[in-house]
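Notes for the structure review
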Amino acid sequence: MKLLVTGGAGFIGSNFVIYMLQQHPEYKIINVDALTYAGNLENLKSIENHPNYTFAKADITDVQAMDALFSQGVDVVVNFAAESHVDRSILEPDVFVKTNVLGTQVLLDAAKKYNVTKFVQVSTDEVYGTLGATGLFTEETPLTPNSPYSASKAGGDLLVRAYHETFGLPVNITRCSNNYGPYQFPEKLIPLMISRALADQALPVYGDGMNIRDWLYVEDHCSAIDLVIHEGVNGEVYNIGGNNERTNVHIVKTVLQELGKPDSLITYVQDRPGHDRRYGIDPTKITRELGWKPKHTFETGIKETIQWYLDNQEWWTRIQSGEYQKYAELQYGSRLGDSL
Ligand SMILES: Cc1cn([C@H]2C[C@H](O)[C@@H](COP(=O)(O)OP(=O)(O)O[C@H]3O[C@H](CO)[C@@H](O)[C@H](O)[C@H]3O)O2)c(=O)[nH]c1=O
């Protein structure tokens, strides 16, 4: 099988490339990534010389570059390439629309032209909007995205659906909850809090800290996508969640406790505009129909993740000294110390 993985130098994408080469060393994997701020080839050091792995630096919105890649023969496409950070989407929605909507359409056209046998769109539970205190997102929940990020992902998903309905393209859409684990860019909640706590810096918790996310260990996400590639029924959507709903403040306190740091580092700051209150995924469909089960509990996964960040401080300190800083200042500069 020849697999084209887009965004394979990002957090979930790089974990997926490594996972697939472990599970299926005979598969050929082409990783295409534009290497924007969150793409990092260091994530792939362990497999960069694998005989069945190749890397191409290109943007998924580049029609000629995508055509050239697909013309080499591709069986399956897994589209991870995306702008993914909600706070950034509030600052610059245009790049989100370009990559997440236009980029998906360019890939779909190439997949159609070269008759791929499967196109997996890796999406997010954020397209469903927000939950109240009860209920869970199912695959039938209407799409009501609230941020420019989630709206752009919903746009991509609808194009994928349309290419299935209109052209019969063999597609699946997967919608995951919040991932965590090794190689996550330190703008996201867990790695951000780990890195700031280690430096004894204030930990910016938005609003009252009672927003809820449903945490999924990244390797469990990878095993679900592997199943969807092989067993997913064309045209179907599969939700992927870890059954681990936690408040943000619980997450932050867990990080502090594991690192032996005081709760006094927590600083409640102005809320994210349009902040979704609660996400919770119902994974019944993928469990029942494809036999998927997560292997990690939140309690073991968070310990492993914190240990990884402790063991790989060079990886994230290098990131924080560069491009990331500009955005960190934009995001937090005016909010830190701005207690509610
Ligand atoms: C960065 C940051 C975040 N937060 C809050 C906002 C959210 O309620 C929660 C998690 O924030 P983030 O890590 O930015 O993740 P969130 O907005 O939930 O979105 C993530 O999870 C989604 C899946 O649900 C993915 O589609 C997104 O790409 C991914 O970024 O923590 C804080 O309180 N303080 C912070 O500094």
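Residues numbered from 1 in each chain as written. Predicted model: local features only at pLDDT ≥ 70, side-chain atom pairs only at ≥ 80, totals over all residues. Heavy atoms only, no water.

Named according to an unreviewed UniProt entry, the chain is dTDP-glucose 4,6-dehydratase originating from Paenibacillus sonchi. UniProt's Cofactor (unreviewed entry) comment on the chain is quoted here verbatim: "NAD(+)". The chain has a UniProt comment under Sequence similarities (unreviewed entry) that states "Belongs to the NAD(P)-dependent epimerase/dehydratase family. dTDP-glucose dehydratase subfamily." (UniProt positions renumbered as here; feature names shortened; annotations may be inferred.)

1. Some thoughts on the pattern of salt bridges
Summed over all chains, the structure comprises 15 salt bridges. The closest approach of N and O atoms between Glu 289 and Arg 288, which form a salt bridge, is 3.5 Å. A single salt-bridge network, built from bridges that share partners, covers Glu 42, Glu 314 and Arg 318. (Salt bridge = Lys/Arg side-chain N within 4 Å of Asp/Glu carboxyl O.)

2. Looking at the sheet that holds strand β5 (residues 118–124)
Strand order across the open sheet formed by 7 strands is β3-β2-β1-β4-β5-β6-β10, with parallel pairing between neighbours. Every other strand in the sheet has two partners, leaving β3 (53–57) and β10 (237–240) as the edge strands with one partner each. In this sheet, neighbouring strand axes are inclined to one another by 20° on average, regardless of whether the strands run parallel or antiparallel. Both strand β4 (residues 76–79) and β5 contribute to a ladder of 4 bridges, which runs parallel. The residue bridging Val 77 from the neighbouring strand is Phe 119, located in β5. (Pairing = 2+ DSSP bridges. Helix = DSSP H or I, 4+ residues; strand = E, 2+ residues; numbered from the N terminus. Axes fitted to C-alpha atoms, helices over the stretch in contact; angles between N-to-C directions.)

3. Let's talk about the side chain of Lys 153
Considering the arrangement of structural elements, one finds Lys 153 in helix α5 (residues 148–167). For the buried Lys 153, which has no salt bridge, the nearest side chain bearing the opposite charge is Asp 157, at an N-O separation of 5.5 Å. Excluding its chain neighbours within four sequence positions, the residues that come into contact with Lys 153 are Ala 82, Asn 100, Gln 121, Val 122, Ser 123, Thr 124 and Val 127. (Buried < 20%, exposed > 50% of the residue type's maximum accessible area, 1.4 Å probe, protein only. Lys, Arg positive; Asp, Glu negative; His and termini not counted. Contact = heavy atoms within 4.5 Å.)

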